[in-house]
Amino acid sequence: GDSVTQMEGPVTLSEEAFLTINCTYTATGYPSLFWYVQYPGEGLQLLLKATKADDKGSNKGFEATYRKETTSFHLEKGSVQVSDSAVYFCALSDRGAGSYQLTFGKGTKLSVIP
Amino acid sequence: GAVVSQHPSWVICKSGTSVKIECRSLDFQATTMFWYRQFPKQSLMLMATSNEGSKATYEQGVEKDKFLINHASLTLSTLTVTSAHPEDSSFYICSASGRQGPQETQYFGPGTRLLVL
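Along each chain, residues carry numbers from 1 onward, in the same order as the chain's sequence is written. All chains are assigned letters beginning at A, and all ligands numbers beginning at 1, according to the order in which they are written. With the structure being a predicted model, the display of local features is reserved for residues of pLDDT at least 70 and the display and counting of side-chain atom pairs for 80 or more, all residues being used for whole-chain, interface and lining totals. By convention in this description, side-chain values take in all heavy atoms of the structure and omit both hydrogens and water.

Novice: Could you clarify how one ought to interpret the environment of Pro110 of chain B in this entry?
Specialist: What counts as a helix is a DSSP run of H or I of at least four residues, what counts as a strand is a run of E of at least two, and both are numbered from the N terminus. Residue position: Pro110 of chain B is located in the loop between strand 10 (107-108) and strand 11 (112-116). Of the residues examined, Pro110 of chain B reaches a relative accessible area of 38% and is grouped as partly exposed. Distance from Pro110 of chain B to Val3 of chain B, taken between C-alpha atoms, is 9.8 Å for residues 107 residues apart in sequence. We call two residues in contact when some of their heavy atoms are within 4.5 Å. When sequence neighbours within four positions are dropped, the list of residues in contact with Pro110 of chain B reads Glu42 and Gly43 of chain A together with Val4, Ser5, Gln6 and Phe91 of chain B. The buried label goes to any residue with under 20% of its type's maximum accessible area, the exposed label to any with over 50%, and the partly exposed label to all in between, with areas taken from a 1.4 Å probe on protein chains only.

Here you go:
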């Protein structure tokens with residue numbers, strides 16, 4: 001079945017540091033890939049997505065490139081801010097499976113300190 | 001972007017009572033809504049998928065008689081936790097996808113925190 005594996009946290013960075021959160025996936029069909037962010041006490045918000053190989057999703061300075069050859073969708077940001085502190089979830093939606101259900105990774109908690 | 005609301009955001013109830021949580025898509029028609037449960041420091045667990053006008057499809061291990069889902073319109077789905085017990089205390093999140101929004105993109109509600117005493 002489909003699965004998503006993302007790096008375990010927590011991750012603690014200083015402000016303006018470079019961020020990478022690794023995400024790899026397995027899927028039976030042709031998945032779309034997503035990063036969701038959950039700020040403390042809130043629900044999930046879509047951060048970015050990519051629907052096919054080599055697509056790059058980007059938003060708020062975050063980027064992730066859909067790499068089919070390595071089945072990866074790593075999240076990156078060049079300079080993090082304290083306001084980026086949140087839990088980040090990598091997810092996939094496997095259209096080939098005939099469903100738009102999301103399969104989530106376990107989440108990576110990011111703490112950015114001033 | 002698409003907006004999904006949930007009501008209530010917080011609920012505290014006595015053991016044995018039933019609690020209804022509403023999920024609404026505010027600016028698009030949601031043909032499909034999903035209900036998740038999130039335990040502390042863990043990922044989201046899909047409970048069920050509901051399509052407007054039809055019965056919900058429950059994930060393995062989720063009791064359909066305990067977690068009643070109704071998707072009566074294209075903008076509203078409800079989750080009723082029947083005869084709630086302390087172990088049902090959790091963070092319940094809905095999401096919606098469908099018309100007027102990318103079908104494969106789910107938009108999440110802010111969640112409902114349930115505490116059963």
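Novice: Explanation requested: the sheet that holds strand 8 (residues 76-81) of chain B in the structure shown.
Specialist: Strand pairing in a sheet takes place through backbone hydrogen bonds and is either antiparallel or parallel in direction. All names here are of chain B. Strands sit in the order 1-3-8-7 across an open sheet of 4 strands; the sheet is antiparallel. Both edges of this open sheet fall to strand 1 (4-7) and strand 7 (67-73), since each of them pairs with a single strand only. Averaged over all pairs of adjacent strands, the angle between strand axes in this sheet comes to 15 degrees, irrespective of strand direction. Inspection of the sheet shows strand 3 (residues 19-25) paired to strand 8 by 6 bridges, in the antiparallel sense. From the neighbouring strand, Arg24 faces strand 8, where its bridge partner is Leu76. Strand pairing is assigned whenever DSSP detects at least two bridges linking the two strands. The convention used is that axes are lines fitted to C-alpha atoms, helices contributing only their stretch in contact, and that angles between N-to-C directions extend from 0 to 180 degrees.

Novice: Please explain the interface of chain A and chain B as it appears in this structure.
Specialist: With 19 residues of chain A at the interface, the matching set in chain B holds 19 residues. Two parts placed together each lose some accessible area under a 1.4 Å probe, and adding up what both lose gives the buried area. Counting the surface lost from both chain A and chain B, the interface buries some 1,500 Å², and carbon and sulfur atoms represent 55% of this. By the criterion applied in these results, polar contacts are pairs of N or O atoms within 3.5 Å in which, for protein atoms, one can donate a hydrogen and the other can accept it, and in which residues neighboring in sequence qualify only through two side-chain atoms. Where chain A meets chain B, there are 4 residue pairs in polar contact (both at pLDDT 80 or more). Ranked by residue count, the leading element in the side of chain A that touches chain B is strand 5 (residues 31-38) of chain A, at 4 residues. Across the side of chain A that touches chain B, the residue classes break down as 8 nonpolar, 7 polar and 4 charged. Residues are grouped as follows: Ala, Val, Leu, Ile, Met, Phe, Trp, Tyr, Cys and Pro are nonpolar; Asp, Glu, Lys and Arg are charged; all remaining types, including Gly, are polar.

Purely geometric numbers; function is a separate question.
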